[in-house]
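# Architecture and fold: a report
Residues per chain, in single letters:
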Amino acid sequence: MFSSVLIANRGEIAARIARTAKRLGLRTIAVYSEADAGALHVRLADEAHLIGPAPAAHSYLSAERLIDVAKRTGAECVHPGYGFLAENPEFAEACAAAGIVFVGPPPAAIRAMGLKDAAKALMEKAGVPVVPGYHGTRQEPKFLKEKAYEIGYPVLIKAVAGGGGKGMRRVDKHADFEAGLAGAMREAKSAFGDDRVLVEKYVASPRHIEIQVFGDSRGNVIHLNERDCSLQRRHQKVIEEAPAPGMIAAMRSAMGEAAVAAAKAVGYVGAGTVEFIAEASKGLLPDRFWFMEMNTRLQVEHPVTEAITGLDLVEWQFRVAAGEPLPLAQRAVRITGHAIEARLYAEDPEKGFLPSTGRLVALEFPTGEGIRIDTGVTAGSEVTPYYDPMIAKVIAHGKDRTQALDRLGAALARTRVAGPRTNLAFVAGLVKSEGFRAEAFDTGFIDQNLASLGAVPRAFDRAAAAFGVAHLLAREQARIAARSFSDGMSPWDATDGFQLAGNRDAALPVLVDGENVSAALSYGSNGARVTVGGEGAAADAQAIEAGNAVYVLRGGRQTVVRLRDFEEFDVDHLDTGGLIVAPMHGKVLAILVEKGGAVSKGQRVALIEAMKMEHALTAPIAGTVTEIAAVAGSQIAEGAKVMVIEGTD
Ligand code: ADP
């Protein structure tokens, strides 16, 4: 076994690799970009080295810098994780040339599987079933169109260099072929710098089922059973599980044998995944699956295989890379229960799954029987635009599928995340959805159910907004109460003043998810009641305060509420206190009065810029400015003193 490893990755996978490496007694060497200086994977490692600026091309994708660190630190091996350089044969070669073991397959195996067309030709030769189609070298549109006709519509045009679902177009009729081809080529060119495509039969009722394989350097290859990754959006996996629902023994062994044959055909060593597409209109059948591609690395979804087999695949990777034989023979591989993984992303399902960035103001995961969380971030971490916005993988294992689903559902319900928008409510909805639970799904399931899963533009949650406003008002009142003994009042005291004034209604300007909204306050004998758009505060919401905002979580959905502009508060009834504090973090733009000057009640005395908006501070009372504590042009913290006005009696 090795004594040290350089982990050439970041985020959850770097953290996950570090855990196993430490357990095996390896010294763990992390690398990080400037954007990741405080990242979890850096904190978990024994040592960490800066490799460059945030953009991956200058850091995590720089083979040169990584190998330089590996040499300097005396790393015996490099684990590439997934993504970045994991399937880059030149990087694997460069490691070898530097005398460092690359924890992955031989470069020749990566190359053989790197291009979809060549891989398919190779697989056909090895007797592995391949989706009917054209994967030759000719690329003339007219020729490809003829091929599509021969294959029969619908067809799928795929980028030869493809990955991550990019450069893929389904074409349903002959007349649409040219447009689909042009789109696929354009996308392929921009994503991979290679616009070559192949055309294949679009499989009806498709299920994505893949086999985890493992090879050692002595020529042994076994498989660790299947994973079902049919819940996809834009051909990207969202939820994965093992075993595949409806899998029968005859199909599992046929698929397993095909996958092992595929791996053997390329001299495979290490962890790999052979992806198949199955036609499932009549259930899973041993003659209804075809090879799609092989991923020559550890997959994101490997934890579901670990859960049902009880194995640590990263440990296996280290062992075979160190030259040890596979720890188990095929017949000793067991399946225990069922496991399901949900990918939690910083993205907004209500806005076409647009990636969302920003600081995680809250992040809490539950613990529980059968629950595993793989994450690379903690509360306070920043989700940046530089890398994949995955926050965590939530994995549940149970004695059967129902228990695994129930555990996953419960774990998602108890997950708290605030800051960037996330797909939490969306994946929680998927786990609960009838079709998924009833095993009645294929790869089109998500697209067909976007509306019922809430992944459509929606109005903000009014009850959550009302809850947020009520929370902010209560907070301000508590602050005022705490301060009233010492140094007086702030402009926020207006909220208190409403009450002092007895029964009255007021409109309070707030920002809900950045939108200008008016909250209605009515004060009765029971205190304040807040409504937004006619709805009162939700009873089932949670509030997380961050700066001057409150993040309201309800049903996995986030609603951000801010009090808009205290200038618009009705301050007429205020007649006590002359302390003015900054209502939020910001920059002092101007002080509009001078020390010793007289001010009238409601007069604008200072301007503060916060959240890209200008806010005027007004005098709560008439009087004389006795102290000015803030300086124009400087930053000011929420609650800091701006000035003091002494009232004129
Ligand atoms: P990529 O490498 O871009 O991820 P894949 O070849 O792995 O592309 O395909 C991604 C997904 O597209 C599959 O999981 C499956 O859902 C769908 N898909 C691929 N090939 C077919 C096909 N022939 N028929 C139907 N769906 C397909």
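Refer to the structure presented above.
Structural notes, computed from the coordinates.

### Structural notes on empty space enclosed by the protein
Applying the stated criterion to the full structure yields four cavities of 30 Å³ or more. In this structure, the largest cavity spans a volume of roughly 170 Å³. Lining the largest cavity are 17 residues, and of these Pro-349, Glu-350, Thr-422, Gly-556 and Arg-557 lie nearest its centre. Secondary structure elements with two or more residues in the lining of the largest cavity: helix H13 (424-432) and strand E30 (557-563). It is H13 that provides the largest number of residues to the lining of the largest cavity, a total of three residues. A breakdown of the residues in the lining of the largest cavity according to their chemical character gives eight nonpolar, four polar and five charged. Residue contributions to the lining of the largest cavity reach at least three from each of two domains, namely domain 3 (337-458) and domain 4 (462-481 + 494-568).

### Topic: the environment of Lys-125
Structurally, Lys-125 is set in helix H6 (residues 116-125). Counting along the chain gives 456 residues from Lys-125 to Val-581, while the straight-line C-alpha distance between them is 76 Å.

### Details of helix H12 (residues 401-413)
Between its first and last C-alpha, H12 extends 18 Å over 13 residues, near the 18 Å set by a 1.5 Å rise per residue. Buried residues belonging to H12 abut strand E12 (236-242), strand E15 (338-345), strand E20 (371-375), strand E22 (390-398), H13 and helix H14 (434-437).

### What about the site of the ligand?
Around the ligand, a shell composed of 22 residues is seen, among which Lys-116, Gly-165, His-208, Gln-232 and Glu-293 lie nearest. The separation between an oxygen atom of the ligand and a polar side-chain atom of Lys-158 is 2.9 Å. His-235 is positioned such that a nitrogen or oxygen atom in its side chain is 3.1 Å from an oxygen atom of the ligand. Breaking the shell around the ligand down by element, the ones donating at least two residues are strand E7 (155-159), strand E9 (197-201), strand E13 (270-279) and strand E14 (289-295). A class-by-class count of the residues in the shell around the ligand yields seven nonpolar, eight polar and seven charged.

### Observations concerning the pattern of salt bridges
Under the defined criterion, the tally for this structure stands at 49 salt bridges. Its salt-bridge partner being Asp-172, residue Arg-170 comes within 2.8 Å of it at the nearest N-O pair. What makes Arg-170 partly exposed here is its relative accessible area of 45%. Judged by its relative accessible area of 44%, Asp-172 is partly exposed.

### What about the sheet that holds strand E2 (residues 27-33)?
Read from one edge to the other, the open sheet built from five strands follows the order E3-E2-E1-E4-E5, with strand pairing classed as parallel. Edge strands, defined here as strands with exactly one partner in the open sheet, are strand E3 (47-52) and strand E5 (101-102). Contacts from helix H3 (residues 63-73) reach strand E1 (4-7), E2, E3 and strand E4 (77-79) within the one sheet, and its direction differs from that of E3 by about 150°.

### Brief notes about the pairing of strand E11 (residues 221-233)
Counted residue by residue, E11 has 13 buried out of 13 residues, so it is predominantly covered. In terms of strand pairing, strand E10 (residues 206-215) meets E11 through six bridges, oriented antiparallel. Residue Gly-215 lies in a different strand from E11, and its bridge partner there is Val-221. Between E10 and E11, which pair antiparallel and follow one another directly, the connecting turn spans five residues, one of which, Gly-219, has a positive phi of 90°. Following E11, the chain reverses through two residues before pairing antiparallel with E12; Arg-234 in that reversal takes a positive phi of roughly 50°.

### Overview of the pairing of E2
Counting buried positions over the seven residues of E2 gives six, a clear majority of the element. With four bridges joining them, E1 and E2 adopt parallel strand pairing. Paired with Ser-4 across the bridge in E2 is Arg-27. In terms of handedness, the path from E1 via helix H1 (residues 11-23) over to E2 forms a crossover that is right-handed. The pairing of E2 with E3 spans five bridges and is classified as parallel. Along E3, the bridge assignment pairs Ile-29 with Glu-47.

### Quick notes on the environment of Gly-162
Position of Gly-162 relative to the elements: it lies in the loop between E7 and strand E8 (168-171). Judged by its relative accessible area of 14%, Gly-162 is buried. A sequence separation of 26 residues divides Gly-162 from Ala-188, and the C-alpha atoms of the two residues are 7.0 Å apart.

### Looking at the packing of aromatic side chains
Inspection of the entire model under this criterion finds nine aromatic pairs. Geometrically, the ring pair formed by Tyr-60 and Tyr-387 is edge-to-face, given 5.5 Å between the ring centres and 80° between the ring planes. One end of the pair, Tyr-60, is in the loop between E3 and H3; the other, Tyr-387, is in the loop between strand E21 (382-383) and E22, with 327 residues separating them in the sequence. Ring pairs connect the aromatic residues Tyr-60, Phe-84, Tyr-386 and Tyr-387, which therefore count as one cluster. For the cation-ring pair, Arg-170 lies above Tyr-202, with the distance from its terminal atom to the ring centre recorded as 4.4 Å.

Cut-off values and rules
Residues numbered from 1 in each chain as written. Predicted model: local features only at pLDDT ≥ 70, side-chain atom pairs only at ≥ 80, totals over all residues. Heavy atoms only, no water. 1 Å grid on protein atoms, 1.4 Å probe; cavity = no way out; pocket = protein on both sides within 12 Å on 5 of 7 lines; lining within 4 Å. Points joined across faces, edges and corners; volume = space filled by probe spheres on them. Helix = DSSP H or I, 4+ residues; strand = E, 2+ residues; numbered from the N terminus. Nonpolar A, V, L, I, M, F, W, Y, C, P; charged D, E, K, R; others polar. Domains from an automatic or database assignment. Expected span 1.5 Å × (residues − 1). Contact = heavy atoms within 4.5 Å. Near = heavy atom within 4 Å. Polar contact = N/O pair within 3.5 Å; in protein donor to acceptor, adjacent residues only side chain to side chain. Salt bridge = Lys/Arg side-chain N within 4 Å of Asp/Glu carboxyl O. Buried < 20%, exposed > 50% of the residue type's maximum accessible area, 1.4 Å probe, protein only. Pairing = 2+ DSSP bridges. Axes fitted to C-alpha atoms, helices over the stretch in contact; angles between N-to-C directions. Right-handed = clockwise from strand over helix to strand, strands pointing away. Phe/Tyr/Trp six-rings, centres within 6.5 Å; stacked < 30°, edge-to-face > 60°. Lys NZ or Arg CZ within 6 Å of the ring centre and 35° of its normal.

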